[in-house]
Structure formats: C-alpha cells, structure tokens
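Listed here are the chains, written in short residue letters.
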Amino acid sequence: MSSVDIIKKIAVIGAGTMGHGIAEVAAIAGYEVWMYDIDQKILENAMEKIKWSVGKLVSKRMVREATDDVMKRIHPSLDFEEVVRDADFVIEAVPEKIDLKKKVFADLDRLTPKHAILATNTSSLPITEIASATDRRDKVVGMHFFNPPPLMPLVEVIRGEETSDLTVRITYELAKRFGKQPVIVNRDVPGFIVNRILTKFLMSACWTVARGEATVEEVDSAVKYRLGFPMGAFELSDYSGIDIIYHVGQAIMERGTKIHPCPLYEEKFKAGEYGVKTGKGFYSYPEPGKYSRPDIPKDIGEKVDIIDLVAPAINEAAWLIREGIATRDDIDKATELGLGYPKGILKYADEFGLDEVLDRLKKRYEETKWEEYKPDPLLIQLVEQGKLGRKSGEGFYIYPKMEEESIGEVLIKYEPPIAWIYLNRPKRLNALSPELLKNLGQAFDKIEEMEDIRVVVLSGVGRAFSAGADVTGFMGLSPFKAMIMSRRFQELTNKIEYYTKPVIMMINGFCLGGGMELALAGDFRIASELAMLGQPEINLGIIPGAAGTQRMARIVGISKAKELIYTGDMIPASEALKMGLVDRVVPPEKLEEETRKFALKLAEKPPLALLAAKYSIQLGMETDLWHGETLEASMFGLTFSTEDVIEGVSAFLEKRKPKFKGK
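Residues numbered from 1 in each chain as written. Predicted model: local features only at pLDDT ≥ 70, side-chain atom pairs only at ≥ 80, totals over all residues. Heavy atoms only, no water.

Draft legend 1. Structural context of the nonpolar core. Ranked by internal contacts, the top residues of the largest apolar core, which has 94 residues, are Ile 13, Phe 201, Ile 345 and Phe 396. Those residues in contact with Phe 396 that lie beyond four places of it in its chain are Ala 318, Ile 321, Arg 328, Leu 346, Ala 349, Asp 350, Leu 354, Leu 378, Leu 379 and Leu 382. With 46 residues, the next largest nonpolar core counts Ile 407, Phe 465, Leu 492 and Ala 576 among its residues. (Core = buried A, V, L, I, M, F, W, Y, C linked by side-chain atoms within 4.5 Å. Buried < 20%, exposed > 50% of the residue type's maximum accessible area, 1.4 Å probe, protein only. Contact = heavy atoms within 4.5 Å.)

Below you can see the structure in the form of structure tokens.
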C-alpha cells in the first residue's frame, strides 16, 4: 500500500476562491472533504460556487459522477475543531498574512492527529516560517494550487527547511490523485518557481516602458504575437490584479530576492487602478469586474526586443537549476502549465540562443549594475562550452540534428530515421482547414519516398493535437460539396492508415473531432496526461465525416464508440487509455522523449516486414478469417524474398544486433 493511501479525510481551511476550489478538486478525486471558514455566508457562497462548477464539469463529461454525489463529500462547517479532527491531510488557504497563517498552523498542530500533514497554499510566504509555529515541522509543506484550482493543472510542492522526504512524496502523490501535474521546489525560496520567474518577466516588461523604449501596447503586442504568450504582460497584470502583482513583488523582495520594482506598478497601485477589478489599470474596461480583451494591434510590437524582455526570467530559471531548487523539466513544466506559455521558459532560451540571452543581460547589467541582470554562472558556463541551444545542438536541452521545412501550415522536422510532422496553427488549436488537410497529405506523400525515414510521428504545435475542423472553412457548403469534402478527408485518413511506414500519433493536448479522426488512423497513439479526446460533432448537429464512426468502433468497440459519438463528450487521456482509445499515457514533459524511444525501437525493425505485418493486420480486419489467413500467408512468403530476412537470420545465428536495410 502506498503512503498516500492512508489519507481518507482532507480538511481545507478557508472557503475563499482558492479554498473552495481546492475542496472541489479533492471531492472530485473521491475524498471526504471538510471545509472551514469563519462566516456562514462565505461557506454558503462557496458551496453554491462549487455546485455550479461541478455541474459545468459534469455537463462537459469531465466529471463522470452526478453533481450531488460529489457535493455529498464536501462538509462545510464553522467549527474549526470539527473540521480538523481526525484529518489526515490539511490544506490551509487563508489570506496571505504570515501572522494569520502561523496562528492557523499553531492551532492545527494542537488539534490534528500527529500523523497529519499540514500544507499551505501560500503563493509567496516562506514555508519554513509558517512551519515554525508547529512542533511537526517535518510534516509542514507548501502545496501551491493555481487559480482556478479545478481547471489549472499545476501544483507546486514546496519543501521547507525541515520538511521530510516522506511528506514531500505523499503531497506529490496526493496532487497526482487530484488529477494535477505537480512540480517539486526543493528549497523554500521566495516566489517558488512560477511567481519568481513571472515577477522577473513582468518587471522587465514594465521597465521597457518606463525607460521609454516602447509603449504598453507595443510590449503586449510583442508578447502575444511574437512570443505567443496567452496574454500581454500588462494585460495579464490587469487581469490578475495590479494590487496582487504589487504585493507578491513586495513579499518576494522583502525576503531577499533582487528586484528593482518598476514605478509604473507603484503608480497604479497608489492610484487604486488595479485593472479589471476596478475598471481601469494599464487598460480601461467597461465597468469594474467586467473584462473585455484590450485592442492590441498585431503589427506594432516588431521593434520590441523580445529576448531582452524575457532574459531576466531565463536568468532566474538558470539560478533555480544551479541552486538545485528545481529541475529543468519542472521549471519548463511550471511555466507551461502555470503561465500558459506555449513552451517552457528554458526552451525559449534555447531557441533564442543562450549567447543572445547572455548578451542582453550583460548590456543591461553594464547599464544599471542591478543584480537581477547579472548573468547567472550557469548561463556563462553553457555559453563558454559552446552549448548555445538549438543552433549548436545543445543548450539546456540536447537537440538531435534536424532539418526543417514547411508545407503551408504543416511543419516537418527530419530526424532520420524519424520524421516529425506538426500541424502548425497553434492560435487556432490546429483547427483543420481544407488547405491544411491538403498540405498534410502532401507532407505524407513526400516523406513516403524517403528511404532514410522509417517512422512518422504526427503531432500539433502548442497545446493541441487538433481541436477539430475549422468550422469557418466548411460552413455554407452544399450537401454534395460537404459529401465531397468528407470523402477527401477520408482519403487522407485512409492514406495514413495504410501508409507504408509506421505512423505514431503524439497527442499533446486537445484531440477532438477531425483531430480525433486523424489520430484514429495512426498505428499507435501516445498521449500526454493532459490530453483531452473526443468526437463532439453531434453537438453541432452533424456526425464525424472522416471515418470516425468506422474506426472508433473498430478500436474501442461499438458500445463505447456510440457513447463517445452520441454524447460528444470529451474524456481525459487516463479514461481513453482504459477503453483502448490510446495506447500509452505519459507525463507531458516526457511525451516527446517517450515517443522518440518508441519510434526508434520501431525503426530498428525490418521496414518491409513491418509493412507486411501492417497490411496483414489492417486488411485482415476488413475480411473473414479465411481470407485474412490467406493474406497473411502471402505476406509471410513475400518476406522471404527480402535481403532483410537473410540479415535477420544471420544476426540471430551470430548473436549480434541486425542492421536492416529495407531491401
């Protein structure tokens, strides 16, 4: 039995935005949850919000239980002792005031069982200082959820100075059981990973404006359209609350992090212009609390130096690695999942070139002598070693030698014996337009003729494999043209299903509708733990049109296929694995690595025998056993005509690894 299995009762202290969200997550995961607050109205409001949220998740089939069944597991109470009595794990989510948190933890230490783990959801306060109020400092840990907890996948697990390895391990495993993606912060540093990196980025963007080098709109245009971040720096500040950004920055600075606060934040804070919540911040909004996306032109950010903008954040990430506070993978996982970046901050660094990042930092440090611009020794070391990122083949990551080309909005990366094909419309979640489908077919045709490519991997750029067809490209079609379009799409999925090389579908995010139909045509489907899959066409009044009704039933069985197609539900990768819709599910940071390992394993096999096996299986599925056996016998015989069979037998007898040539 795992150590986390002893956790039966979870207590949540504080029923505000974060508290009730955490309680909801725990209850959805099947735990009995007791939730405390000081005011009955706060508790009632929290329960109403939880019920609404769970209802939405149930309606989208992201929760496979009735709303009332989930709600029965949440017990709100004004009685602190009742809530924490017999609790196995406590999560504190009270306001970010150190004295208040220490009092709560002192009370928890006195009233909870000695085995109970006490976690704090603080986003910036030191775990060690909070733990000092208890006599069980080894069982106090940071468990920082992101807002809103039911939707945001990231959880930072933070080790205090005396937190035990067992406490960290149990907290990490509990986060996984909550359906979250945890990262470990090995030392109790201000801001942990995400807020530390985010603060450096926001201050860098703000100083760019304060120095008169660009306007607010120009910086945000560069951030959104050139870096691809989900929001501009100032747009995000308004949305999150300038007061919150200001207070987090102050808390981080007061505890020793080197930051020169940008005066623009202080001006807005003192003026009470906090952003969306007050109706005005760096942008203006229709009314307090009502968000409307600011008008940020796409082409005005061209003069902004985007490397200069993110260099301090990259520098901070390098410091986190060098100090052993977080791993490279956890830092990139945190910035992708916690901040919504299309790729991790260290992957950005490798793409820019570490020498370019170092150059920007040196220039700013020479100008200001500010500590936050002083290049971290790890960055200096990597550059001195010639590890500059993608262009040199190694930086924070190692890059196999690849050539790239684009066919329209399809990106191809050649890494013999693998070809990686990417749908490259990240802003549209790789929605499938007629032109994109045409380009995809051209890419498969081109690669088929390449003898040095033995395996093809299909995936999508950004956070989606493909969210489905681009409806705007298909609306207005006459019935006959719609039928013709369907047949053309089917021709592409048939091409993939009967392709002469193995095809692996690397499902990195949303895989819906037409995207799901593409994935069904592959030989194998390897999915990220964050992937969501489904056939939602029924919700538009149509049905799948690229053989989804046919392949789905063949893969998962008629009953499950009907359920997915009739309901239009999205399901998580874990559920897709159970029904056989995907073959493997791996952590998001391991998706490419695991896919590459499997592709290389396939590439070692004799290509002609793989093709014979594929056709025997695929075509055999479409006929009766007698004809299928005849097909198999024919393919079996054909393999004896190849040079590869001689190599295979010789290698077996000589007890060496065979080297197949596909001849």
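Draft legend 2. Seen up close, the side chain of Asp 109. Summarising the element assignment, Asp 109 is placed in helix H5 (residues 98–111). In terms of polar contacts, Asp 109 uses its side chain to reach the backbone amide nitrogen of Asp 135, at 2.8 Å. At a separation of 2.8 Å, a polar atom in the side chain of Asp 109 contacts the side chain of Arg 136. Residues in contact with Asp 109, not counting those within four places in the same chain, are Lys 114, Leu 118, Thr 134, Asp 135 and Arg 136. (Helix = DSSP H or I, 4+ residues; strand = E, 2+ residues; numbered from the N terminus. Polar contact = N/O pair within 3.5 Å; in protein donor to acceptor, adjacent residues only side chain to side chain.)

Draft legend 3. Representation of the state of the cysteines within the structure. Counting across every chain of the model gives one disulfide. A sulfur-sulfur separation of 2.1 Å characterises the disulfide bridge that pairs Cys 206 with Cys 262. The disulfide joining Cys 206 to Cys 262 has a torsion of about -70° about its S-S bond and is therefore left-handed. Of the two residues, Cys 206 sits in helix H8 (residues 194–210) while Cys 262 sits in the loop between helix H11 (242–254) and helix H12 (263–270), which places them 56 residues apart along the sequence. Accessibility classification places Cys 206 together with Cys 262 in one group, the buried group. (Disulfide = S-S within 2.5 Å.)

Draft legend 4. Examining the packing of aromatic side chains more closely. Inspection of every chain in the model, using the stated rule, returns 20 aromatic pairs. Aromatic pair Phe 524 and Phe 598: ring centres 4.9 Å apart, planes at 90°, arrangement edge-to-face. Taken together, the residues Phe 524 in strand S16 (residues 524–528) and Phe 598 in helix H25 (residues 591–603) connect sequence positions 74 residues apart. A relative accessible area of 28% means that Phe 524 is categorised as partly exposed. Geometrically, the ring pair formed by Phe 636 and Phe 640 is edge-to-face, given 5.1 Å between the ring centres and 70° between the ring planes. Both residues of the pair, Phe 636 and Phe 640, belong to the exposed class. In textbook terms, an aromatic cluster arises when at least three aromatic residues are bridged by ring pairs, as seen for Phe 201, Phe 229, Tyr 341, Tyr 348 and Phe 352. Its end group placed over the ring of Phe 598, Arg 584 keeps NZ or CZ at 4.3 Å from the ring centre. (Phe/Tyr/Trp six-rings, centres within 6.5 Å; stacked < 30°, edge-to-face > 60°. Lys NZ or Arg CZ within 6 Å of the ring centre and 35° of its normal.)

Draft legend 5. Representation of the pairing of strand S12 (residues 455–460). Extensive coverage of S12 is indicated by the burial of six of its six residues. Alignment of strand S11 (residues 418–423) against S12, held across six bridges, turns out to be parallel. Along S12, the bridge assignment pairs Ile 421 with Leu 458. Relative to strand S14 (residues 503–507), S12 runs parallel, the two sharing three bridges. (Pairing = 2+ DSSP bridges.)

Draft legend 6. Geometry of the sheet that holds strand S2 (residues 32–36). Taken in spatial order, the eight strands line up as S3-S2-S1-S4-S5-S6-S7-S8 in an open sheet, and their pairing is mixed. With partners counted over all chains shown, the strands left at the sheet margins are strand S3 (74–77) and strand S8 (181–185), one partner each. On average, each strand axis in the sheet is tilted by 25° relative to the strand beside it, whichever way the strands run. One ladder, built from four bridges, connects S2 with S3; its direction is parallel. Counterpart to Met 35 in the pairing with S3 is Pro 76. (Axes fitted to C-alpha atoms, helices over the stretch in contact; angles between N-to-C directions.)

Draft legend 7. Region of interest: the packing of helix H9 (residues 216–227) against helix H13 (residues 306–322). Look at H9 against H13: their axes get within 10 Å of each other, and the N-to-C directions meet at 85°. The angle between H9 and H13 places the two elements in the roughly perpendicular class. Only Ile 306, Leu 309 and Val 310 of H13 make contact with H9, whose side of the interface consists of Val 219, Ala 222, Val 223, Arg 226 and Leu 227. Residue composition of the contact of H9 with H13, grouped by class: seven nonpolar, no polar and one charged. (Parallel < 35°, antiparallel > 145°, perpendicular 65-115°, else oblique. Nonpolar A, V, L, I, M, F, W, Y, C, P; charged D, E, K, R; others polar.)

Draft legend 8. View of the packing of H8 against H11. One way to put it is that H8 packs onto H11 with a least axis distance of 11 Å and a crossing angle of 110°. The orientation of H8 relative to H11 falls into the category roughly perpendicular. Taken as a pair, H8 and H11 cross one another with a handedness that is left-handed. Contact residues: H8 offers Asn 195, Thr 199 and Leu 202, while H11 offers Ile 245, Val 248, Gly 249 and Ile 252. In terms of residue class, the contact of H8 with H11 is made up of four nonpolar, three polar and no charged. (Left-handed = near helix turned anticlockwise from the far one by under 90°.)

Draft legend 9. Seen up close, the pattern of salt bridges. All chains considered together, the criterion is met by 59 salt bridges. Note that Asp 569 is salt-bridged to Arg 64, the shortest N-O span being 3.7 Å. In this pair, Asp 569 is assigned in the loop between helix H23 (558–567) and strand S18 (570–572) and Arg 64 in the loop between helix H2 (40–59) and helix H3 (67–71), connecting sequence segments 505 residues apart. Classification of Asp 569 by relative accessible area gives buried; the value is 7%. (Salt bridge = Lys/Arg side-chain N within 4 Å of Asp/Glu carboxyl O.)

Draft legend 10. Spatial organisation of the sheet that holds strand S17 (residues 532–534). With mixed pairing, four strands are arranged side by side in an open sheet as S13-S15-S17-S18. Only two strands of the sheet have a single partner each, and these edge strands are strand S13 (464–466) and S18. For this sheet, the mean inter-axis angle between neighbouring strands, taken without regard to orientation, is 20°. Inspection of the sheet shows strand S15 (residues 510–512) paired to S17 by three bridges, in the parallel sense. Across the sheet, residue Leu 512 finds its bridge partner in S17, namely Gly 534.

Draft legend 11. Quick peek at the environment of Lys 333. By the element assignment, Lys 333 lies in helix H14 (residues 328–339). Lys 333 has contacts with Leu 154, Gln 181, Pro 182, Val 183, Gly 338 and Glu 589, leaving out every residue within four places of it along the chain. From its side chain, Lys 333 meets the backbone oxygen of Pro 182 in a polar contact 3.3 Å long.

Draft legend 12. Looking closely at H14. Over its 12 residues, H14 extends 16 Å from the first C-alpha to the last, a length consistent with the 16 Å expected when each residue adds 1.5 Å. By the criterion of burial, H14 is predominantly enclosed, with 10 of the 12 residues buried. For H14, the set of buried residues is Asp 329, Asp 330, Ile 331, Asp 332, Lys 333, Ala 334, Thr 335, Leu 337, Gly 338 and Leu 339. Buried residues in H14 make contact with strand S7 (154–159), S8, H8, H13 and helix H15 (345–352). Looking one or two residues beyond H14, the residue adopting positive phi is Gly 340, at roughly 75°. (Expected span 1.5 Å × (residues − 1).)

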